[in-house]
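# Structural overview for review
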Amino acid sequence: MPKDVVLGVDLGTSAVKVSAVDRQGNIVAQETYSYPLLQSAPGYSEQNPQEWVSGTTVAIVRLILNDHLTAEQIKGISFSGQMHGLVTLDKANKVIRPAILWNDTRATKQVQEINNQLGDDFLQVTRNRAQAGFTLPSLLWLKENETENFAKIHKIVTPKDYLRYRMTGKLQMEISDAAGTVALDVATGTWSNLVQEAFGLSATMFPEIIQSIDNVGPISDTYAEFSGLSTKTQEIGGAADNAAGAVGAAILKPNMVMSSIGTSGVVLKYEDNADIDYHGKVTFFNHAIPHKYYSMGVTLSAGYSLSWFKKTFASDLSFDEMVALAQESTIGAHGLIFTPYIVGERGDGDIRGSFIGVDGTQTRSDFVRAVLEGIIYSFKDLFAIYENTGSNFETVVAIGGGAKSALWLQIQADIFNTRVVALKNEQGPGMGAAILAAVGLGWFESVQDAANTFTSFDKTYEPNPASVAKYDEYYQIYKRIYTQTAALSHDLLALRRK
Ligand SMILES: Nc1ncnc2c1ncn2[C@@H]1O[C@H](COP(=O)(O)OP(=O)(O)O)[C@@H](O)[C@H]1O
Ligand SMILES: O=C(CO)[C@@H](O)[C@H](O)COP(=O)(O)O
């Protein structure tokens, strides 16, 4: 008899990846489907929600037809979703316009308006500062700029919650994604009256909130017929991709921290309760574990900086070959420092990256090394925020494409001056989604139990004291670059925009 599996659906920005995972946490099959970004104007980033539904369905159909899973063996499905996307639905729950995504920066004026109108009250309730790309500012942009579309809105929902709605017919918003709208009272886990009243938003616009491990029931007859799945397959809430990534990396204790090098970079800390106040310096959201939280800082271009460098200056090499070049250089890249602000940062959309200390004796190896080091210095800035609030980390769990390189893992250990571990069989947030499905089905008592079975750690990288001291000297210089280059970056961008 075929073994039971759950499906972890990782609904990303460039693709959906669906992993079938058995009760022991083994991945038995995996399918992906890519879809485009719609970028009709500078700063705009949209997607058609139907693409998410079609792409996920194609991946599921492939699991059944190509990988020979039977519909009956798929016991449950859960989700990890790209965060913050605004999906607008009319009275018939039909999509009104393309979704405005997390990396869309059009709503800077609305961010300012939120700050002016609610100031610190907003921070106290939502536990975050508004940023362009978060759901609420995008919604307010729509209110101001597309009044007809705004008038049609009956409900709003985030990307993976829309996908789950299409599979079940039940419209709900799961709590870790609800927090990413910045319209939630994070400590109480309820929609914020303050936000609704301040911006004239009807309370009915905001769907019922569910927990990540809630079993919301079976898929609908219509979706079963359409996809070939069984109507017995249960759907479980799921989580925002960073919360799901943290679950998949077993970040379940306060002294553990996750460093993720994907397209963007994330430093994420588990929080036992909502007491701590970072004054908006890092984001603070509800976790996938009921009544727990996580905080995180984001570098917008982490892995993207390395892939940009590869595409521009080393397209003849594979990632492995290019990263191996960095070994020919040394700590500090012979006096070269890179800052990875190549698409701006959330705190300053117009800051840009730089290479400081370019010297005629340097080689391509030094440039690769500088890029690897600069990205981790930007993470060190995020660690510093935590250290300043008294956090002390025993272990950093490294995930994402960047964790494939042993050299880069050692650079992390030396720059953070903390032990770094990678995961065996790293699958990113999709494994977190599978864990949530397994818990929602009752295969495990808790997220912690499931994570202990599904996740195992690989090699450990210990900091080398001599390297730690050298890196610290370079980091002291790195820290000064942001402020000293900000005005130059702004003036250069202004020239480009002329
Ligand atoms: N062999 C490698 N060594 C080091 N870094 C790598 C390697 N392969 C890919 N990467 C980095 O990983 C990034 C992609 O990571 P991934 O977690 O797949 O991102 P995403 O899920 O955002 O697409 C790339 O941008 C690149 O910088
Ligand atoms: O906006 C955030 C976090 O605040 C991003 O982490 C997105 O959630 C990333 O989505 P993918 O790059 O994983 O598609």
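About the thresholds
Residues numbered from 1 in each chain as written. Chains lettered and ligands numbered in written order. Predicted model: local features only at pLDDT ≥ 70, side-chain atom pairs only at ≥ 80, totals over all residues. Heavy atoms only, no water. Near = heavy atom within 4 Å. Polar contact = N/O pair within 3.5 Å; in protein donor to acceptor, adjacent residues only side chain to side chain. Areas by Shrake-Rupley, 256 points an atom, 1.4 Å probe, with all protein chains shown as cover. Helix = DSSP H or I, 4+ residues; strand = E, 2+ residues; numbered from the N terminus. Nonpolar A, V, L, I, M, F, W, Y, C, P; charged D, E, K, R; others polar. Buried < 20%, exposed > 50% of the residue type's maximum accessible area, 1.4 Å probe, protein only. Pairing = 2+ DSSP bridges. UniProt positions renumbered as here; feature names shortened; annotations may be inferred. Core = buried A, V, L, I, M, F, W, Y, C linked by side-chain atoms within 4.5 Å. Domains from an automatic or database assignment. Contact = heavy atoms within 4.5 Å. Arc of directions from axis to C-beta. Salt bridge = Lys/Arg side-chain N within 4 Å of Asp/Glu carboxyl O. Phe/Tyr/Trp six-rings, centres within 6.5 Å; stacked < 30°, edge-to-face > 60°. Lys NZ or Arg CZ within 6 Å of the ring centre and 35° of its normal. Expected span 1.5 Å × (residues − 1). Bend = angle between axes of the 7 residues up to and from the residue.

### What about the site of ligand 1?
What surrounds ligand 1 is a group of 16 residues, the closest being G262, T263, G303, D320 and G401. Note that an oxygen atom of ligand 1 is positioned 2.9 Å from one of the backbone N or O atoms of G303. The side chain of D320 places a nitrogen or oxygen atom 2.8 Å from a nitrogen atom of ligand 1. Isolated, ligand 1 exposes 580 Å² of accessible area, and the fraction of that covered by the protein chains is 70%. Of all the secondary structure elements, the ones that give two or more residues to the shell around ligand 1 are α10 (303-313) and α11 (319-325). When residues of the shell around ligand 1 are assigned to their parent elements, the largest contribution, 4 residues, is made by α10. Classifying every residue of the shell around ligand 1 gives 6 nonpolar, 8 polar and 2 charged.

### Let's talk about the pairing of strand β17 (residues 265-271)
The buried fraction of β17 is high, at 7 of 7 residues. Of the two faces of β17, both are covered, the one formed by G265, V267, K269 and E271 as well as the one formed by V266, L268 and Y270. One ladder, built from 5 bridges, connects strand β16 (residues 256-261) with β17; its direction is antiparallel. Of the residues in β17, the one forming a bridge with S260 is V266. Linkage of β16 to β17, two consecutive antiparallel strands, is achieved through a turn of 3 residues. Relative to strand β19 (residues 293-299), β17 is paired through 7 bridges, and the arrangement is antiparallel. Its bridge partner lying in β19, V267 is registered against G297.

### Focus: the UniProt feature "domain: Carbohydrate kinase FGGY C-terminal" (unreviewed entry) in the chain
With numbering aligned to this structure, UniProt lists the feature "domain: Carbohydrate kinase FGGY C-terminal" (unreviewed entry) at residues 258-440. Along residues 258-440 one finds 36% helix and 21% strand; the C-alpha atoms at either end are 24 Å apart.

### So, the nonpolar core
In terms of nonpolar packing, the biggest core is built from 163 residues, with L7, L136, L201, I251 and I435 touching the most fellow members. Looking at this core element by element, the count peaks at 13 residues for helix α12 (residues 364-388). Here this core spans two domains, since at least three of its residues come from each of domain 1 (5-242) and domain 2 (251-426 + 464-498). Those residues in contact with L7 that sit more than four places away from it in its chain are V18, S19, A20, I60, L63, L69, I74, G76, I77, S78 and A437.

### With respect to helix α15 (residues 447-454)
Among all positions in α15, only V447, A450, A451 and F454 are buried. All buried residues of α15 fall inside an arc of 100 degrees around its axis, so they share one side. In the core, the buried residues of α15 are packed alongside β2 (15-22), α9 (241-248) and α14 (429-440).

### What to know about the pattern of salt bridges
Enumeration over the complete set of coordinates arrives at 18 salt bridges. Note that K292 is salt-bridged to D272, the shortest N-O span being 3.1 Å. On the criterion of sequence distance, the pair formed by K292 in the loop between β18 (283-286) and β19 and D272 in the loop between β17 and β18 is long-range, its members being 20 residues apart. According to the relative accessible area criterion, K292 is partly exposed, its value standing at 23%. Between R369 and E373 there is a salt bridge, with the nearest N and O atoms lying 2.9 Å from each other. Of the two residues, R369 and E373 both sit in helix α12, 4 residues apart, roughly one turn of that helix. For R369, a relative accessible area of 7% gives the class buried. Among the charged side chains, a salt-bridge network with shared partners connects E46, R97, D104, R106 and E146.

### Structural notes on the packing of aromatic side chains
Applying the stated criterion to the full structure yields 22 aromatic pairs. With 5.0 Å between their ring centres and 75 degrees between their planes, Y341 and Y482 make a pair best called edge-to-face. Linking Y341 in the loop between β20 (337-339) and β21 (354-356) with Y482 in helix α16 (residues 465-497), this pair joins segments that are 141 residues apart in sequence. The exposure class of Y482 is partly exposed, given its relative accessible area of 28%. These aromatic residues form a ring-pair network of at least three members: W308, F309, F313, F338, F355 and F367. Between the NZ or CZ atom of R106 and the centre of the ring of W141, over which it lies, the distance is 4.5 Å. The positively charged end of K310 is found above the aromatic ring belonging to F319, 5.5 Å away from the centroid.

### Remarks on α16
Along its 33 residues, α16 runs 46 Å from first to last C-alpha, staying within 8% of the 48 Å computed at 1.5 Å per residue. Of all the bends in α16, the largest measures some 45 degrees and sits at T485. Among the residues of α16, S467, V468, Y471, Y475, Y478, I481, T485, A486, S489 and L493 are the ones counted as buried. Close packing links the buried residues of α16 with β20, β21, α12 and α13 (406-416). The distance from a side-chain oxygen at the start of α16 to the backbone nitrogen of A466 is 2.9 Å, and the residue carrying that oxygen is N464.

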